[in-house]
Amino acid sequence: MGDVTVRKILSFGEEIASLGNAHIIKNKKEDTFYLVIPFGSTEITNAGKRLLNFLPRKDDHSAKSITFSEQTVASFLSDIGIPENVRGFYYLRTAVMTAVNEEDKEHVSGHIYSILTSEYNTSVSKIERNIRYAVSVAFDRGDPSLLSEVFGSSYSSDTGRPTNLDAIYSICSALKKRADV
């Protein structure tokens, strides 16, 4: 941390400890402490992008917002062979309804799982296992031509089935195609 930065920090508080480049500052006016750690611009940019995924999104009137009713998504999941008596059915339904307007799979996956864990009051591992089972049931009982149409080539080379995230986005795409969006 440069001398100029340390002087600015010390103008509102006193440094009480230092460990390498990190500094612990005590605010003079309040009984609060700050941990000041220097970051490069790349780390700050990446952290900012990850944080943006958790902020509520403003309405973007230039982009088409698509919503599907629970009944529409549930009917489609039944069509591809996932029975309603499987817990993963409900997790998939909610995940698809959440992900339908999202384009970036990697940044949204944590957001989807956090919504599912809070809504269903369960753990991420249980949600993943139940979604995997639901997709497995579909591949065991469903119509192969419809499954091929929905999932295309998004299969895992190990299991011959799509990953959970690929399944969610494949179902979203198929629903959009059906709705001519």
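This text follows the structure it describes.
Residues numbered from 1 in each chain as written. Predicted model: local features only at pLDDT ≥ 70, side-chain atom pairs only at ≥ 80, totals over all residues. Heavy atoms only, no water.

Draft legend 1. Quick look at the overall build of the protein chain. When you go through the protein chain residue by residue, the secondary structure sums to eight helices and three strands. Starting at the N terminus, the α and β elements of the protein chain follow one another as α-β-β-β-α-α-α-α-α-α-α. Burial status across the protein chain gives 35% buried among its 181 residues. Total accessible area computed for the protein chain in this model is approximately 11,700 Å², and 51% of it derives from carbon and sulfur atoms. (Helix = DSSP H or I, 4+ residues; strand = E, 2+ residues; numbered from the N terminus. Buried < 20%, exposed > 50% of the residue type's maximum accessible area, 1.4 Å probe, protein only. Areas by Shrake-Rupley, 256 points an atom, 1.4 Å probe, with all protein chains shown as cover.)

Draft legend 2. Broad picture of the nonpolar core. Residues Ile80, Leu92, Ile168 and Ile171 are the most contacted members of the largest nonpolar core, which totals 37 residues. In terms of residue count, the dominant contributor to this core is helix 8 (residues 164–178) (eight residues). Beyond its immediate sequence surroundings of up to four residues, isoleucine 80 is in contact with Ala138, Gly142, Leu146, Leu147, Val150, Phe151 and Ile171. (Core = buried A, V, L, I, M, F, W, Y, C linked by side-chain atoms within 4.5 Å. Contact = heavy atoms within 4.5 Å.)

Draft legend 3. Highlighting the pattern of salt bridges. All chains considered together, the criterion is met by three salt bridges. Glutamate 70 serves as the salt-bridge partner of arginine 93, at 3.8 Å between the closest nitrogen and oxygen. Of the two residues, arginine 93 is situated in helix 4 (residues 87–99) and glutamate 70 in helix 3 (residues 70–79); the sequence distance between them amounts to 23 residues. Residue classification places glutamate 70 among the partly exposed positions, given a relative accessible area of 44%. Its salt-bridge partner being arginine 178, residue aspartate 79 comes within 3.3 Å of it at the nearest N-O pair. Taken together, the residues aspartate 79 in helix 3 and arginine 178 in helix 8 connect sequence positions 99 residues apart. In this structure aspartate 79 comes out as partly exposed when scored by relative accessible area, which is 38%. (Salt bridge = Lys/Arg side-chain N within 4 Å of Asp/Glu carboxyl O.)

Draft legend 4. Spotlight on helix 6 (residues 124–141). With 18 residues, helix 6 extends 26 Å from end C-alpha to end C-alpha; this agrees with the ideal 26 Å at 1.5 Å per step. Every buried residue belonging to helix 6 is among Ile127, Asn130, Ile131, Ala134, Val135, Ser136, Val137, Ala138 and Phe139, and all of these are buried. (Expected span 1.5 Å × (residues − 1).)

Draft legend 5. Region of interest: a positive patch on the surface. A surface patch of positive charge is lined by Arg87, Lys126, Arg129 and Arg132. Of all the elements, helix 6 adds the most residues to the positive patch, at three residues. Here arginine 129 is to be found in helix 6. (Patch = residues over 30% accessible without salt bridge, like charges linked within 9 Å, V, L, I, M, F, W, Y side chains within 5 Å. Lys, Arg positive; Asp, Glu negative; His and termini not counted. Charge placed at Lys NZ, Arg CZ, Asp CG, Glu CD.)

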